[in-house]
Every structure is written in structure tokens, then in C-alpha cells.
Amino acid sequence: KYIETKQTAGELGALLLESSLIKKLQPLLNRQLRYASKMTVLLKTTDKNGYFTLEKKQIEEIPKDEIENIVGVYKSQKQLQRYLFDLAYQHMLCPKLLKLEKSKAYCFNFRLKKCNGACKQEELPIKYNLRFTEAFYKHKVRQWQFEKPIIIKEVGDQEEIFVIDKWCFLGSYKNENELKEGLNQQYSFDFDTYKILKRYISNPNNHTRINMVDGFPEVN
């Protein structure tokens, strides 16, 4: 029996390392951050009548070009179905447009006066789409706000440099000389990492530690 420790320069490094190790080692009691071989992703699309609707995908990795269209990431079908039914009821959204029903007639919520008839084009798309955007805003992946990849530098008893682009964690480096040697990692979007980075970048106290990268090598 033994205890192994890994030192980080600060809290961000510790959170990213913890999330990575939990997915790698699959500890029994850390269920929330454990890696699932496939995740269900909801992408916002627009139907032929101009109404926002959903495309559901079960994937292992999220392509970087689709990241900003994500309106939710779920680890189980049961969690997803419950969430969508709740949103439909609370925000007067159409279950048919949310792919919860397949009938050709009005949706069931229309009979309960919880849908304004978007399923039969009786509500203007612009009004429906505003409620759709509001309903999914909390869980939607935020638009990447930087024109280039960024580096975040943490300094404690040691220095650590993180490279981030489009909410993807591209690597950790001990110093700037090591960073200049380039990157070997591909883009890989992880929802737990996204939440950690969003919380960090949204804090004004951390803005002085964030810089954009010039002459950044292209990564696949």
C-alpha cells in the first residue's frame, strides 16, 4: 500500500488533472466525472419551416467544428428524455420539434395548451425560436470568445502552462521553452473539462493569466 502524489502549480491544474485521472482510472465512488465510452449530444438544427429543432448523436468524441452547436451533453438516454420533457413543459416547446413524438397531428402538449401550435406551423418561427434559445441557454456550450488559441499560466511552487482552443485542452507544459517545441495532441472536447475552463475564464480575477498564442502550430 502506498500513496502517490502529483504536484500542480495551482487550482486549475489540479482540477484538470483530477478530471483526467478519474476518467483514466475509473474509481468506484467518483461517478460524476467517470468516463462513458459514448455520450449523447444534442445539436441545434433548423427544419425546413425555420423552426429550431434537435439532432441527437451518440458519439465518443465531438468534432471541433460542431462544438458551438451543442445544446446539451448527457451520459444516459433516461437523463436526456426527462430533461427534454421538462423543458418542453416549462418553456412551451413542441415535443414533436424536440423529437419526443412522431405523430402527424398536433403534439400532445398542444391539447394541454402547453404548445402554441409550432408542430403545425401555427406559431411564428421567430417567437418559437426565442423560447428555444432561452430554454437551452443554461446548458448550451458557450461560444469560444477568442480569435486564437490561448495559454493560461499558473505559478505556484512551480510553473505550469495550459494551451486551450475552442474549449479543448491541448496540453500542459512546464515552461515556455517546452511550449515552443509544439503540440502533438489532437482536439478532443470533454464536457467536464469545458465546465472547468468556462468557470475559470469567466472569473475576472483570472484574466491577467490568459494570453493569446502567436505563431501557434496547426493541430488536427
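Before reading further, recall that the structure is shown in the block above.
Cut-offs used in this document
Residues numbered from 1 in each chain as written. Predicted model: local features only at pLDDT ≥ 70, side-chain atom pairs only at ≥ 80, totals over all residues. Heavy atoms only, no water. Helix = DSSP H or I, 4+ residues; strand = E, 2+ residues; numbered from the N terminus. Buried < 20%, exposed > 50% of the residue type's maximum accessible area, 1.4 Å probe, protein only. Contact = heavy atoms within 4.5 Å. Pairing = 2+ DSSP bridges. Axes fitted to C-alpha atoms, helices over the stretch in contact; angles between N-to-C directions. Core = buried A, V, L, I, M, F, W, Y, C linked by side-chain atoms within 4.5 Å. Salt bridge = Lys/Arg side-chain N within 4 Å of Asp/Glu carboxyl O. Expected span 1.5 Å × (residues − 1). Disulfide = S-S within 2.5 Å.

Q: Would you mind showing me how to read the environment of Thr 40 here?
A: Assignment of secondary structure puts Thr 40 in strand 1 (residues 39–46). Accessibility expressed as a relative area gives 2% for Thr 40, which makes it buried. Each C-alpha atom of the pair Thr 40 and Gln 79 lies 10.0 Å from the other, and the pair is 39 residues apart in sequence. Residues in contact with Thr 40, not counting those within four places in the same chain, are Lys 56, Lys 57, Gln 58, Gly 72, Val 73, Tyr 74, Gln 77 and Leu 80.

Q: Could you clarify how one ought to interpret the sheet that holds strand 6 (residues 168–173) in this entry?
A: Pairing between the strands of a sheet is mediated by backbone hydrogen bonds and can be parallel or antiparallel. Taken together, four strands build an open sheet; the order of strands is 6-5-4-7 and the sheet is antiparallel. The open sheet is flanked by strand 6 and strand 7 (210–212), the only strands paired with a single partner. For this sheet, the mean angle separating the axes of adjacent strands, direction not counted, is 25°. Relative to strand 5 (residues 159–165), strand 4 (residues 150–155) runs antiparallel, the two sharing six bridges. Pairing of Ile 151 across the sheet is with Val 163, part of strand 5. In the packing of helix 6 (residues 191–202) onto the sheet, the strands contacted are strand 4, strand 5, strand 6 and strand 7, and the crossing angle to strand 4 comes to about 75°.

Q: Help me understand the nonpolar core, please; the structure alone is not making it clear to me.
A: The nonpolar side chains of soluble globular proteins are, as a tendency, buried together. Trp 167 and Phe 189 are the most contacted members of the largest nonpolar core, which totals 35 residues. Looking at this core, the elements with two or more residues in it are helix 1 (11–25), strand 1, strand 3 (70–74), strand 4, strand 5, strand 6 and helix 6. Sort the elements by how many residues they give to this core and helix 6 lands first, with six residues. Beyond its immediate sequence surroundings of up to four residues, Phe 189 is in contact with Met 39, Ile 62, Ile 67, Ile 70, Val 141, Lys 166, Trp 167, Cys 168 and Tyr 194.

Q: Explain the pairing of strand 3 here, please?
A: With five of its five residues buried, strand 3 lies for the most part within the structure. Of the strand pairs in this sheet, strand 1 and strand 3 are connected by four bridges, and their pairing is antiparallel. Bridge pairing in strand 3 links Thr 40 to Tyr 74.

Q: What is the right way to read the pattern of salt bridges from this model?
A: Pairing is possible between side chains of opposite charge, provided their charged atoms come close. Counted according to the given criterion, the structure contains five salt bridges. Note that Glu 4 and Lys 6 form a salt bridge whose closest N and O atoms lie 3.7 Å from each other. The residue Glu 123 makes a salt bridge to Arg 131 at a minimum N-O spacing of 2.6 Å. For the pair Glu 123 and Arg 131, one class covers both residues: buried.

Q: I tried to follow helix 1 on my own but got confused; where do I start?
A: Two residues of an α-helix separated by three or four positions point the same way, owing to the 3.6 residues in each turn. Its 15 residues give helix 1 an end-to-end C-alpha distance of 21 Å, which sits within 8% of 21 Å, the value for a rise of 1.5 Å per residue. Of the positions making up helix 1, those classed as buried are Leu 12, Gly 13, Leu 16, Ser 19, Ile 22 and Lys 23. Of the surrounding elements, those touching the buried residues of helix 1 are strand 4, strand 5, strand 6 and helix 6. Just beyond helix 1, the residue with positive phi is Gln 26, at close to 55°.

Q: What exactly am I supposed to notice about the state of the cysteines here?
A: Where two cysteines share a covalent bond between their sulfur atoms, that bond is called a disulfide. One pass over the structure, following the stated rule, counts zero disulfides. In this model Cys 115 remains outside any disulfide bridge; the closest cysteine sulfur is found in Cys 107, 3.6 Å from its own. No disulfide involves Cys 119; its sulfur sits 3.9 Å from that of Cys 107, the nearest cysteine. Given a relative accessible area of 10%, Cys 119 falls into the buried group.

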